[in-house]
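One-letter residues, chain by chain:
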Amino acid sequence: MTEPDPSKSLEAASQYQKARRRALFGEMLGVVRGRSPELLSFDAVQSALGAWQFVEGREPEAIPLDKIVGSVGRYRDFTREFLPRDTVSEHRWRTVAALVDSMEGLPPIEVYQVGDIYFVRDGHHRVSVARANDFEDIHAYVTRVDTAVSIDAETTAEDLALKAAQADFLRASRVEQVRPDADLDVTDVGSYYELMQHIDVHRYYMGLEKNRNIPWGEAVASWYDLVYLPVAAAIWASDILDRFPDRTATDLYLWVCQHREELVEGGSVQPSPVEAVTSLGQQSGEKPKTGVVNTVKRALGAKAKTTDLAAEATKVKQRGTREDKPPAD
């Protein structure tokens, strides 16, 4: 890399000082807003999500700079906006900044892509300088890392415990294999354990009813169709989600199930899903108690519904009234 001309060096020095001030202000603002100013650590994400399958790209491509929110090994050296902290070499940063407009140009950076976001392997200073210059994208060699759990530019380090629990649940339940359209996102770490318990209990009673061992996949499909889906359909058909905007339909499914049990314990006949949802919605503004500790509260951004839940619930309810036949040997 050639040395920049003196005028560019002076401009780069001014840019660096401006970037450092923005970094300090951004960190203070992050503390006030309760938003982590940290980049995501690739090692932490890889460990949490069990992401080990890599597909390396051979040609550089333009990627959006605002989707680069993580680093391999240097996540403490830059802020979430990739502004330099005091651990960054000022000389190196200024040298890269002075060469940004040169004819020589800068080589593509190297990144890992996980879901919708990128982690810098090589080229941290180039990314930082590009962000300081308000560029929109940058050329990069991209290695894609497959994972069952999605993450995006809003994901923070604090979210990783929830994401890890989600990844564990998907691996253990294998629900995506039998019901690919299932959306079972929750906002409490312990709720994934509760969902596994629901499936286990359903499988146990299926075995008693049918007098045979129930394969796991069959139990998951039956639980989703005959237990979860009617409740989820009732939730979507009501306005109860509006009362809990930071919660998901699956969060409310767990609350409704608990509420139904409480009504039965109080001497009532077990209500239908619609009746239970209506009853829960008529309660005061006090949030139902789930009994889950170490809650990681986060609005996950609800996915678009891939099916008409009300219509689907009606169909599976009709199927559930007929006796299921065991699969042929």
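Residues numbered from 1 in each chain as written. Predicted model: local features only at pLDDT ≥ 70, side-chain atom pairs only at ≥ 80, totals over all residues. Heavy atoms only, no water.

**Student:** Go over the overall build of the protein, please, and point to the residues and values.
**Tutor:** Of the regular secondary structure elements, the protein holds twelve helices and seven strands. The buried share of the protein, reckoned over its 329 residues, is 44%. In the protein, the share of contacts with a sequence separation of at least 24, taken over all contacts with a separation of at least 6, comes to 76%. (Helix = DSSP H or I, 4+ residues; strand = E, 2+ residues; numbered from the N terminus. Buried < 20%, exposed > 50% of the residue type's maximum accessible area, 1.4 Å probe, protein only. Contact = heavy atoms within 4.5 Å.)

**Student:** Give me the lowdown on the pairing of strand 5 (residues 109–114), citing residues and values where you can.
**Tutor:** For strand 5, a buried count of five out of six residues is recorded, marking the element as mostly surrounded by other parts of the structure. Where strand 5 meets strand 7 (residues 137–146), six bridges bridge the pair, whose relative direction is parallel. Bridge pairing in strand 7 links Ile-109 to Ala-140. Strand direction decides the pairing type here: strand 5 and strand 6 (residues 117–122), joined by five bridges, are antiparallel. Opposite Val-111, over in strand 6, you have Val-120 as the bridge partner. With antiparallel pairing between neighbouring strands as the criterion, strand 5 and strand 6 make up a hairpin whose turn holds two residues, including Gly-115 at a positive phi of roughly 65°. (Pairing = 2+ DSSP bridges.)

**Student:** With reference to specific residues and values, describe the side chain of Asp-188.
**Tutor:** When you line up the elements, Asp-188 lands in the loop between helix 6 (175–178) and helix 7 (189–210). A distance of 2.9 Å separates the side chain of Asp-188 from the side chain of Arg-247, its partner in a polar contact. (Polar contact = N/O pair within 3.5 Å; in protein donor to acceptor, adjacent residues only side chain to side chain.)

**Student:** Account for the environment of Thr-147, naming residues and giving values.
**Tutor:** Mapped onto the elements, Thr-147 comes out in the loop between strand 7 and helix 5 (160–173). Looking at Thr-147, the relative accessible area reads 25%, which means it is partly exposed. With 98 residues separating them along the chain, Thr-147 and Leu-49 place their C-alpha atoms 6.7 Å apart. Leaving out residues up to four positions away in the same chain, Thr-147 has contacts with Leu-49, Ala-51 and Val-114. A polar atom in the side chain of Thr-147 sits 3.3 Å from the backbone nitrogen of Val-149.

**Student:** Before we move on, can you summarise the packing of aromatic side chains with the specific residues and values?
**Tutor:** Throughout the structure, instances matching the rule amount to eleven aromatic pairs. Summarising the aromatic geometry, the rings of Phe-42 and Tyr-112 are spaced 4.4 Å apart at their centres and angled 15° between planes, so their arrangement reads as stacked. Pair noted here: Phe-42 is in helix 2 (residues 42–49) and Tyr-112 is in strand 5, with a separation of 70 residues, a long-range link. Pair check on accessibility: Phe-42 and Tyr-112 agree, each one buried. Seen in terms of ring centroids, Phe-42 and Phe-119 are 5.5 Å apart; in terms of plane orientation they differ by 70°. Their pairing is edge-to-face. Residue Phe-42 is found in helix 2, and its partner Phe-119 is found in strand 6; the two are separated by 77 residues along the sequence. Each member of the pair Phe-42 and Phe-119 is classed as buried. Taken together, the ring pairs in this structure connect Phe-42, Phe-54, Tyr-112 and Phe-119 into an aromatic cluster. (Phe/Tyr/Trp six-rings, centres within 6.5 Å; stacked < 30°, edge-to-face > 60°.)

**Student:** I'd like a rundown of helix 2, residues and numbers included.
**Tutor:** Three or more residues of helix 2 are buried, namely Phe-42, Val-45, Gln-46, Ala-48 and Leu-49. Taken down its axis, helix 2 places every buried residue within 165° of arc, on the same side. With its phi angle positive at about 60°, Gly-50 sits one or two positions after the end of helix 2. (Arc of directions from axis to C-beta.)

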